[in-house]
Amino acid sequence: MSNKQKKVALITGGSRGIGRATSLLLAQNGYDLCINYLNNEQAARAVQRAVLAHGVRCELYRGDVTKEDQVLAMFEFIDQHLGHLTALVNNAALMLPQISIEQVTEARLNKIFSSNITSYFLCAREAVLRMAHKHGGDGGSIVNVSSLAALSGSPHEYLDYAASKGAIDTMTIGLAREMSREGVRVNAVRPGLIYTDMHADGGEAARVDRVKYSLPLGRGGQPEEVAQAIYWLLSEQSSFTTGDTINVAGGMN
């Protein structure tokens, strides 16, 4: 990717938590942004206002990234309103209330896997079609937001969520190798116990405080700490890094 090329990033699930923190950090570093969100327009507009204060362009796009037609429309919107995409942060994900294997259902699995796996593949495909040299692109960078649950398996709590993130770890390695000569770097971050609304989605809003003392650092993490790792992986400072994953997890591995 040319150093003179304007930086344009898409962040899925960018209206809260890690997505919000990443949006603000990228804006501070000169990226024009498309912030994807699904339901909370008020939160998305608040992020947009904060991003615009940094003097960059910012478009919102409401869309379900599990739906192929909506992903296609979103990328076409970016083409028209922001120009050539140079960075993708696959961040949108779903966590449902804690269960064990005995409570698993087909409907729940399909919902989680569609949100946490299918969406990443669809968005990565469209990004590659714009970034890869073989498609006339100038290169770019993709960062997938995985989870430390991919390593722990999250037994008795989020086994299905953990499995979906394990798939993202595998995808990151494979896609990085597919794109290794095409100018597209693909990496991931694995957040651990981070203070975000996702824990409330999982039925235990105070989960981080309950288990934080089991971490070597003895505290939960902040979304901004994950955003710093994402930004580094997107930036030219990590130009010799692809197919790798950074744990942002307070010492757990």
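Predicted model only: the values in this text are computed from it and were never measured.

Thresholds applied
Residues numbered from 1 in each chain as written. Predicted model: local features only at pLDDT ≥ 70, side-chain atom pairs only at ≥ 80, totals over all residues. Heavy atoms only, no water. Helix = DSSP H or I, 4+ residues; strand = E, 2+ residues; numbered from the N terminus. Rg over C-alpha atoms; globule rule 2.2 N^0.38 Å. Buried < 20%, exposed > 50% of the residue type's maximum accessible area, 1.4 Å probe, protein only. Contact = heavy atoms within 4.5 Å. Areas by Shrake-Rupley, 256 points an atom, 1.4 Å probe, with all protein chains shown as cover. Lys, Arg positive; Asp, Glu negative; His and termini not counted. Charge placed at Lys NZ, Arg CZ, Asp CG, Glu CD. Pairing = 2+ DSSP bridges. Axes fitted to C-alpha atoms, helices over the stretch in contact; angles between N-to-C directions. Core = buried A, V, L, I, M, F, W, Y, C linked by side-chain atoms within 4.5 Å. Right-handed = clockwise from strand over helix to strand, strands pointing away. Polar contact = N/O pair within 3.5 Å; in protein donor to acceptor, adjacent residues only side chain to side chain.

Describing the overall build of the chain
In terms of regular secondary structure, the chain is built from nine helices and seven strands. Taking 2.2 N^0.38 as the reference for a compact globule, 253 residues should give roughly 18 Å; the C-alpha atoms of the chain span a radius of gyration of 17 Å, in line with that estimate. Projected onto its principal axes, the C-alpha positions of the chain cover 50 × 35 × 35 Å. A total of 253 residues make up the chain; the buried ones form 52% of that total. Of all intrachain contacts in the chain linking residues separated by at least 6 positions in sequence, the fraction that spans at least 24 positions is 73%. A total of about 11400 Å² of accessible surface is found on the chain, and carbon and sulfur atoms cover 51% of it. Across the chain, the centroid of the 24 positively charged side chains sits 4 Å from that of the 25 negatively charged ones.

Examining the sheet that holds strand β1 (residues 8-11)
Here seven strands make up an open sheet; going across it, the order is β3-β2-β1-β4-β5-β6-β7 and the pairing parallel. In the strand order of this sheet, the two ends are held by β3 (58-62) and β7 (245-248), each with one partner. Averaged over all pairs of adjacent strands, the angle between strand axes in this sheet comes to 15°, irrespective of strand direction. Summarising the sheet, strand β5 (residues 140-145) and strand β6 (residues 184-191) pair through six bridges and their orientation is parallel. Opposite Gly 140, over in β6, you have Val 184 as the bridge partner. Packed on one face of the sheet, helix α3 (residues 68-81) meets β1, β2 (32-37) and β3 and runs near 165° to β3. Sheet contacts for helix α9 (residues 223-234): β4 (87-90), β5, β6 and β7; angle to β6, the most-contacted strand, approximately 165°.

Considerations on the nonpolar core
Formed by 62 residues in total, the largest nonpolar core has its most connected members in Leu 33, Val 51, Ile 142 and Ile 230. Val 51 has contacts with Ser 23, Leu 24, Ala 27, Leu 33, Ile 35, Val 56 and Cys 58, leaving out every residue within four places of it along the chain. Among the nonpolar cores identified, the runner-up in size contains five residues, and Met 95, Ala 149, Tyr 158 and Ala 162 belong to it.

A closer look at the pairing of β3
Sheet topology note: the β2/β3 ladder contains five bridges and is parallel. By the bridge assignment, Leu 33 is partnered in β3 with Cys 58. Regarding the hand of the β-α-β motif, the stretch spanning β2, helix α2 (residues 41-52) and β3 is right-handed.

A look at the side chain of Asp 32
With respect to the secondary-structure elements, Asp 32 resides in strand β2. In this structure the side chain of Asp 32 is engaged in a polar contact, spanning 2.9 Å, whose partner is the backbone nitrogen of Arg 57. Beyond its immediate chain neighbours, meaning those up to four positions away, Asp 32 contacts Lys 6, Lys 7, Val 8, Ala 9, Val 56, Arg 57 and Leu 82.

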